[in-house]
Amino acid sequence: MIIGNWKMNTLREEARTLAESLAELPVQPTTRVGVCPPVIWQQTVGEVLKGSPVMVGLQDCVGDPFGAQTGCVNAAMARDAGCQFVVLGHSERRQRFSETTDTLIPALQAVLEAGLFPILCVGETRDDRDQGRAIEVVDAQLAPVLTAGLDLDGLVVAYEPVWAIGTGLSASQSDIDTMHTTIRAILDRDDAVVLYGGSVSPESAPDVFASQAVSGALVGGASLDIEKFAAIVAAWEQR
Ligand code: 13P
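Because the structure is predicted, anything quoted here is derived from the model rather than measured.

Draft legend 1. Main features of the nonpolar core. Formed by 65 residues in total, the largest nonpolar core has its most connected members in Ile 2, Val 45, Ile 183, Tyr 196 and Phe 209. Aside from chain neighbours lying at most four places away, what touches Tyr 196 is Tyr 159, Pro 161, Ala 164, Ser 170, Ala 171, Ile 176, His 180, Val 208, Val 214, Gly 216, Ala 217 and Leu 218. Counting residues in hydrophobic clusters, the runner-up holds 14 residues, among them Cys 36, Val 87, Phe 117 and Ala 158.

Draft legend 2. Molecular detail of the side chain of Ser 204. Topologically, Ser 204 is positioned in the loop between strand S7 (193-197) and helix H9 (205-208). A distance of 3.0 Å separates a polar side-chain atom of Ser 204 from the backbone nitrogen of Ser 201.

Draft legend 3. Region of interest: the layout of surface pockets. Estimated volume of the largest pocket: approximately 690 Å³. Taken together, 22 residues form the lining of the largest pocket, with Val 39, Gln 59, Asp 60, Arg 93 and Phe 97 sitting closest to its centre. Broken down by element, the residue count for the lining of the largest pocket peaks at four residues, all from helix H4 (residues 91-97). Grouping the constituent residues of the lining of the largest pocket by class yields eleven nonpolar, six polar and five charged.

Draft legend 4. Structural context of the pairing of S7. Most of S7 sits inside the fold, with five of its five residues counted as buried. Of the two faces of S7, the one carrying Val 193, Leu 195 and Gly 197 and the one carrying Val 194 and Tyr 196 are both buried. Relative to S7, strand S6 (residues 156-159) runs parallel, the two sharing four bridges. Among the inter-strand pairings, Val 157 is bridged to a residue of S7, identified as Val 194. Taken together, S6, helix H8 (residues 173-187) and S7 form a β-α-β motif whose crossover is right-handed. Of the pairings in the sheet, the one linking S7 to strand S8 (residues 217-219) comprises two bridges and is parallel in character.

About the thresholds
Residues numbered from 1 in each chain as written. Predicted model: local features only at pLDDT ≥ 70, side-chain atom pairs only at ≥ 80, totals over all residues. Heavy atoms only, no water. Core = buried A, V, L, I, M, F, W, Y, C linked by side-chain atoms within 4.5 Å. Buried < 20%, exposed > 50% of the residue type's maximum accessible area, 1.4 Å probe, protein only. Contact = heavy atoms within 4.5 Å. Helix = DSSP H or I, 4+ residues; strand = E, 2+ residues; numbered from the N terminus. Polar contact = N/O pair within 3.5 Å; in protein donor to acceptor, adjacent residues only side chain to side chain. 1 Å grid on protein atoms, 1.4 Å probe; cavity = no way out; pocket = protein on both sides within 12 Å on 5 of 7 lines; lining within 4 Å. Points joined across faces, edges and corners; volume = space filled by probe spheres on them. Nonpolar A, V, L, I, M, F, W, Y, C, P; charged D, E, K, R; others polar. Pairing = 2+ DSSP bridges. Right-handed = clockwise from strand over helix to strand, strands pointing away.

Spelled out as structure tokens, the structure:
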């Protein structure tokens, strides 16, 4: 699975043009490719990608039902808009909007109940890693999810070391392998999908995908450049 997260980028025409290129992307039937545009362009992008193999999702949603929540969208809206997945708990949201896995549980539940799949982001800061606490931190981020009594069929986890996001730095091959193997053990599911995110590029992708414990990538910056994104998809298919 290769997912592009456009974050807060693109004006409408750029989004449409990128989506038109994505619709033309050659994708093998066993590869799942998706994109999460800014929520305001979701409809535009969704219309272009309708009938193509590329899935559309949201970068975030709240767990609340309909009501007085200025600026928010929920999972029912995401499904009604044609989304197949929602990214939850991205570190940029954890940092800026004080989200924690505990506060994310209702959103996770709502996304699963809406029949969409959640991509739950976890990952340590530079300090955590320097202090040898990377695994402990990721374990603590996942624990509330596993004990919340949710039906986790379809859950996708994205391991995104915070210090590797948008920095051009990547975790080493062995750190990626160790963390992904650990996350799989924590999830204890044969069908666990665990993506890697953090400066994935056409150059770093072959190394990232070398680990059998990696199920694909959550791509930020490089997903805004169709040639780079296509090269990452190709690297996945050639691994
Ligand atoms: P970059 O690929 O730009 O580092 O972003 C990764 C990410 O945060 C994807 O959600």
